[in-house]
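Geometric and topological summary
One letter stands for each residue in the lines below.
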Amino acid sequence: DSGVTQTPKHLITATGQRVTLRCSPRSGDLSVYWYQQSLDQGLQFLIQYYNGEERAKGNILERFSAQQFPDLHSELNLSSLELGDSALYFCASSVGTKGTEAFFGQGTRLTVV
Amino acid sequence: ILNVEQSPQSLHVQEGDSTNFTCSFPSSNFYALHWYRWETAKSPEALFVMTLNGDEKKKGRISATLNTKEGYSYLYIKGSQPEDSATYLCAFQANRDDKIIFGKGTRLHILP
């Protein structure tokens, strides 16, 4: 158990809908990273927060947004869902920013039908 | 665009043999290189984080080296065991921001 909790584990929703994925980092970790893993793709970096502030952004679609709350949990919001958004979404946390190992949650499997 | 390349994509190794694989990353603006082990149906787990040129790290039968000037890192597994079967990911962090950019991984299969 990495100490990072992601909910829900599985989510099935229809095209056009909006969903929220939740991540609770390890106790004491200030950084949260979000990744998307689609079929045959590696881990694609979406966005990173550190202590409530956005620190780095990847190729995150405009339909996607995220935030990190004062208690350090983070949410990834996906809207106007398309079939191609079906993927495994991972959250990872680390104590610092650069040079510290990341601890991954178990992921949320999103299926858009 | 940050490119992290891993080779080979897939590798079959006989149990008991040693093996190694490569991660290539941009040599400029380097901050850290990470290695993770990802077993099927689980989530990635950190093996090493290296920041200094010439760094060598070891954990049991697994070790890694780092050359930041030429932009590569090797992961070595000595005396492969069935439990070593997994995908091994490397990831790069640049100096300018905190992104951890992953390669696509090397999928290792240990043959009994």
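Since the structure is predicted, the reported quantities are computational estimates derived from the model, not experimental observations. (Residues numbered from 1 in each chain as written. Chains lettered and ligands numbered in written order. Predicted model: local features only at pLDDT ≥ 70, side-chain atom pairs only at ≥ 80, totals over all residues. Heavy atoms only, no water.)

Across the boundary between the two partners, chain A contributes 21 residues, which contact 23 residues of chain B. Of the roughly 1,700 Å² buried where chain A meets chain B, counting both sides, 61% is carbon and sulfur surface. Looking only at chain A, the three residues that lose the most surface to chain B are A:Leu43, A:Lys98 and A:Phe104, adding up to 33% of its buried area. Here chain A and chain B share two salt bridges between them. In this structure, the salt-bridge partner of A:Arg55 is B:Asp98, at a minimum N-O distance of 2.9 Å. Counting the contacts that link chain A with chain B gives eleven residue pairs in polar contact (both at pLDDT 80 or more). For the side of chain A that touches chain B, the secondary structure elements donating two or more residues are β4 (31-37), β5 (44-50) and β6 (53-57) of chain A. Residues belonging to the side of chain A that touches chain B are distributed by class as follows: eight nonpolar, nine polar and four charged. (Contact = heavy atoms within 4.5 Å. Buried area = accessible area lost by both parts, 1.4 Å probe. Salt bridge = Lys/Arg side-chain N within 4 Å of Asp/Glu carboxyl O. Polar contact = N/O pair within 3.5 Å; in protein donor to acceptor, adjacent residues only side chain to side chain. Helix = DSSP H or I, 4+ residues; strand = E, 2+ residues; numbered from the N terminus. Nonpolar A, V, L, I, M, F, W, Y, C, P; charged D, E, K, R; others polar.)

Once that is clear, we can look at the pairing of β6(A). Residue and element names in this part refer to chain A. In this sheet, β6 lies alongside β5 in antiparallel orientation, the contact comprising four bridges. Paired with Gln 48 across the bridge in β6 is Ala 56. Counting the residues that bridge the hairpin from β5 to β6 gives two residues, and of these Asn 51 lies at a positive phi of roughly 50°. (Pairing = 2+ DSSP bridges.)

Summed over the entire model, instances satisfying the criterion amount to two disulfides over all chains. Here A:Cys23 connects covalently by a disulfide to A:Cys91, the sulfurs 1.8 Å from one another. Torsion about the S-S bond of the A:Cys23 and A:Cys91 cystine: about -40°, corresponding to left-handed handedness. Residue A:Cys23 is found in strand β3 (residues 19-24), and its partner A:Cys91 is found in strand β9 (residues 87-94); the two are separated by 68 residues along the sequence. By the burial criterion, A:Cys23 is buried, and A:Cys91 matches it. Between the sulfur of B:Cys23 and that of B:Cys90 lies a disulfide, 1.9 Å long from S to S. Across the S-S bond of B:Cys23 and B:Cys90 the torsion is about 70°, and the bridge reads as right-handed. Placement of B:Cys23 in strand β3 (residues 19-24) and of B:Cys90 in strand β9 (residues 86-94) is noted, with a sequence separation of 67 residues between them. Under the relative-accessibility criterion, B:Cys90 is labelled buried at 0%. (Disulfide = S-S within 2.5 Å. Buried < 20%, exposed > 50% of the residue type's maximum accessible area, 1.4 Å probe, protein only.)

Read these as geometric descriptors, not functional statements.
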